[in-house]
Amino acid sequence: MYGLFQVCTISSVQGATTDTCVTSQEFANSGGILSTENNDLEQATKAMSILSIFLALISSVASLILGLHKFERNKGFLMSAGAHLFTGICVMSGAITYTLLLNNLQEIIPSGTFLFGHLSYHLIWVAMGLFFMSCIMSLIGGIVKRD
């Protein structure tokens, strides 16, 4: 069964151009030792990713609804900013657990092999920054424009 994340390795040996990407379960089955801590980190990363997606949708819809209704705008910006802030914290928690998982897996792979997180690893940090920026913009917009 495939998980949400893969363990991808690049060999640094001259002439070896094969990149391998397998799930962490397959990595453990092929001889890599995946401890219960690493398994817990993978499950926590998956849970935080799914929670972040749902919270992102909820905070975006709440921001839109509260911004459209004139009567809710006065206090709605606080709820919208809080939802964006909480979503950003969940995204950050998922990124931190994924970083810890990559660091733990790096310690158990053979020397001369490097572990990398691909583009999705870098995009999660961009998403976290965007949610914190939307929180700040929501607060500034609510404080400055009071009808």
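Remember, predicted model here, so these are calculated numbers, not experimental data.

Participant: Help me understand the overall build of the protein, please; the structure alone is not making it clear to me.
Facilitator: Secondary structure assignment for the protein yields 4 helices and 3 strands. Scanning the protein from its N terminus toward the C terminus, one meets helices and strands in the order β-β-α-α-α-β-α. Counting only residues that meet the buried cut, the protein has 33% of its 147 residues in that class. A separation of at least 24 residues holds for 68% of the contacts in the protein among residues at least 6 apart in sequence. Total accessible area on the protein stands at roughly 9,300 Å², and carbon and sulfur atoms take up 70% of it.

Participant: Just checking my understanding: could you explain the side chain of Thr-87 for this structure?
Facilitator: The topology assignment puts Thr-87 in helix α3 (residues 73–108). Setting aside its immediate chain neighbours within four residues, Thr-87 contacts Ser-52, Leu-55, Ala-56, Ser-59 and Phe-131.

Participant: Got a minute to help me understand the nonpolar core in this structure?
Facilitator: Among the nonpolar cores identified, the biggest contains 6 residues, and these are Leu-41, Tyr-98, Leu-101, Leu-102, Leu-105 and Tyr-121. Not counting residues within four places of it along the chain, the set of residues in contact with Leu-101 comprises Asn-38, Leu-41 and Glu-42.

Participant: Quick question: what am I supposed to make of the environment of Met-79 here?
Facilitator: Along the chain, Met-79 turns up in helix α3. What makes Met-79 exposed here is its relative accessible area of 55%.

Participant: What's the story with the environment of Leu-123 in this structure? I'm lost.
Facilitator: Following the sequence through the fold, Leu-123 ends up in helix α4 (residues 118–144). A relative accessible area of 47% places Leu-123 in the partly exposed class. Residues Leu-123 and Ala-95, spaced 28 residues apart in sequence, show a C-alpha to C-alpha distance of 9.8 Å.

Participant: Is there a simple way to think about helix α2 (residues 36–68) in this case?
Facilitator: Three or four residues apart is the spacing at which side chains of an α-helix point the same way, because the helix has 3.6 residues per turn. Look at α2: 48 Å from first C-alpha to last across 33 residues, which is about the 48 Å you get at 1.5 Å a residue. Here α2 has its buried residues at Asn-38, Leu-41, Glu-42, Thr-45, Lys-46, Met-48, Ser-49, Ser-52, Leu-55, Ala-56, Ser-59 and Leu-66.

Participant: Is there a simple way to explain a nonpolar patch on the surface in this structure?
Facilitator: On the surface, a nonpolar cluster with roughly 530 Å² of combined accessible area is contributed by Ile-50, Ile-53, Phe-54, Leu-57 and Ile-58. Structurally, Phe-54 is set in helix α2. Under the relative-accessibility criterion, Phe-54 is labelled exposed at 51%.

How each quantity is defined
Residues numbered from 1 in each chain as written. Predicted model: local features only at pLDDT ≥ 70, side-chain atom pairs only at ≥ 80, totals over all residues. Heavy atoms only, no water. Helix = DSSP H or I, 4+ residues; strand = E, 2+ residues; numbered from the N terminus. Buried < 20%, exposed > 50% of the residue type's maximum accessible area, 1.4 Å probe, protein only. Contact = heavy atoms within 4.5 Å. Areas by Shrake-Rupley, 256 points an atom, 1.4 Å probe, with all protein chains shown as cover. Core = buried A, V, L, I, M, F, W, Y, C linked by side-chain atoms within 4.5 Å. Expected span 1.5 Å × (residues − 1). Patch = residues over 30% accessible without salt bridge, like charges linked within 9 Å, V, L, I, M, F, W, Y side chains within 5 Å. Salt bridge = Lys/Arg side-chain N within 4 Å of Asp/Glu carboxyl O.

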